[in-house]
Amino acid sequence: MARSDELLAALAQTPIAGVTGAGTGRTWDAVVSAHSPTLTGDAVTFTALEDRTLVVDQDVPDDSLAPIAEALEEMVAPPYRAAAARAEGDVWTAVAESVRIARLPGVDADLIDLTVVDGERTLTADGEMTPRPLPALDELAAEHESVALHAERIDGDLYAVDVFPL
């Protein structure tokens with residue numbers, strides 16, 4: 001399951017501590033409610049790039065995500081990955097988590113995982129191991145002694161990258 005799909009599924013299933021009386025469960029960088037009268041459908045996932053451009057797979061009316069993004073950006077700066085679900089009427093609940101953005105030209109895979117442990121590098125692209133160098137991901141990995149990276153295609157050659165130091 002792709003990370004954006006996980007976000008949406010978690011939003012639907014994760015109780016919010018202090019609001020629903022349930023435990024903390026997963027933590028988010030931002031959890032908000034926002035009024036968005038022009039947003040259609042019942043759920044949406046999107047990624048906010050550093051310049052605040054919103055990339056969304058679904059067909060939504062122009063600027064309909066703006067109220068949700070503005071509410072999220074009071075708590076988390078772009079870039080971030082987000083999911084929103086209609087709560088009631090025109091009110092939406094949204095969650096967001098910070099991500100890194102990498103440009104990976106010439107990559108056909110939608111999902112890439114890179115781990116570096118004790119200098120041993122393992123790269124998989126759509127589940128297939130490959131020795132291929134990916135300078136943008138290798139640069140992010142070099143920031144840590146041991147690390148796991150998960151990259152998911154946003155659009156074209158842009159990927160949202162989760163960085164998990166080990």
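Below: a short report on this structure. Just so you know, these numbers come straight off a predicted model, no measurement behind them.

**Focus on the pairing of strand E8 (residues 120–125)**
As defined by bridge partners, strand E7 (residues 111–117) adjoins E8 across six bridges and the pair is classed as antiparallel. Of the residues in E8, the one forming a bridge with Val117 is Glu120. Here E8 runs beside strand E9 (residues 128–129); their pairing, made up of two bridges, is antiparallel. Bridge pairing links Ala125 to Glu128 in E9. In textbook terms, the turn of a hairpin is the stretch between consecutive antiparallel strands, and for E8 and E9 this stretch comprises two residues, one of which, Asp126, has a positive phi near 50°.

**Focus: the sheet that holds strand E11 (residues 158–165)**
Taken in spatial order, the six strands make up an open sheet running E6-E11-E10-E7-E8-E9, and their pairing is antiparallel. Looking at which strands have only one partner, the edges of the open sheet turn out to be strand E6 (100–103) and E9.

**Quick word on the nonpolar core**
Ile68, Leu72 and Tyr80 are the most contacted members of the largest nonpolar core, which has 20 residues in total. Every element with two or more residues in this core is listed here: strand E1 (30–35), strand E2 (43–48), helix H2 (66–72), strand E4 (80–88) and strand E5 (91–98). The biggest single contributor to this core is H2, with four residues. Membership of the second largest hydrophobic core comes to 17 residues, among which are Ala109, Leu134, Ala141 and Tyr159.

**Some words on the side chain of Arg81**
With respect to the secondary-structure elements, Arg81 resides in strand E4. Within polar-contact distance, the side chain of Arg81 engages the side chain of Glu97 at 2.8 Å. A distance of 3.2 Å separates a polar atom in the side chain of Arg81 from a polar atom in the side chain of Asp162.

**A short note on the sheet that holds E1**
What the five strands build is an open sheet, ordered E1-E5-E4-E2-E3; its pairing is antiparallel. Looking at the sheet topology across the chains shown, the edges are occupied by E1 and strand E3 (54–56). Ignoring strand direction, the axes of neighbouring strands in this sheet form an average angle of 30°. For E2 and E4, the ladder comprises six bridges, and the chain directions are antiparallel. In the sheet register, Ala43 faces E4, and the bridge partner there is Ala85.

**A closer look at the environment of Gly127**
As for its position among the elements, Gly127 is in the loop between E8 and E9. On the basis of relative accessibility, which here comes to 63%, the residue Gly127 falls in the exposed class. Taking the C-alpha atoms as reference points, Gly127 and Ala109, separated by 18 residues in sequence, lie 9.0 Å from one another.

Rules used throughout
Residues numbered from 1 in each chain as written. Predicted model: local features only at pLDDT ≥ 70, side-chain atom pairs only at ≥ 80, totals over all residues. Heavy atoms only, no water. Pairing = 2+ DSSP bridges. Helix = DSSP H or I, 4+ residues; strand = E, 2+ residues; numbered from the N terminus. Core = buried A, V, L, I, M, F, W, Y, C linked by side-chain atoms within 4.5 Å. Buried < 20%, exposed > 50% of the residue type's maximum accessible area, 1.4 Å probe, protein only. Polar contact = N/O pair within 3.5 Å; in protein donor to acceptor, adjacent residues only side chain to side chain. Axes fitted to C-alpha atoms, helices over the stretch in contact; angles between N-to-C directions.

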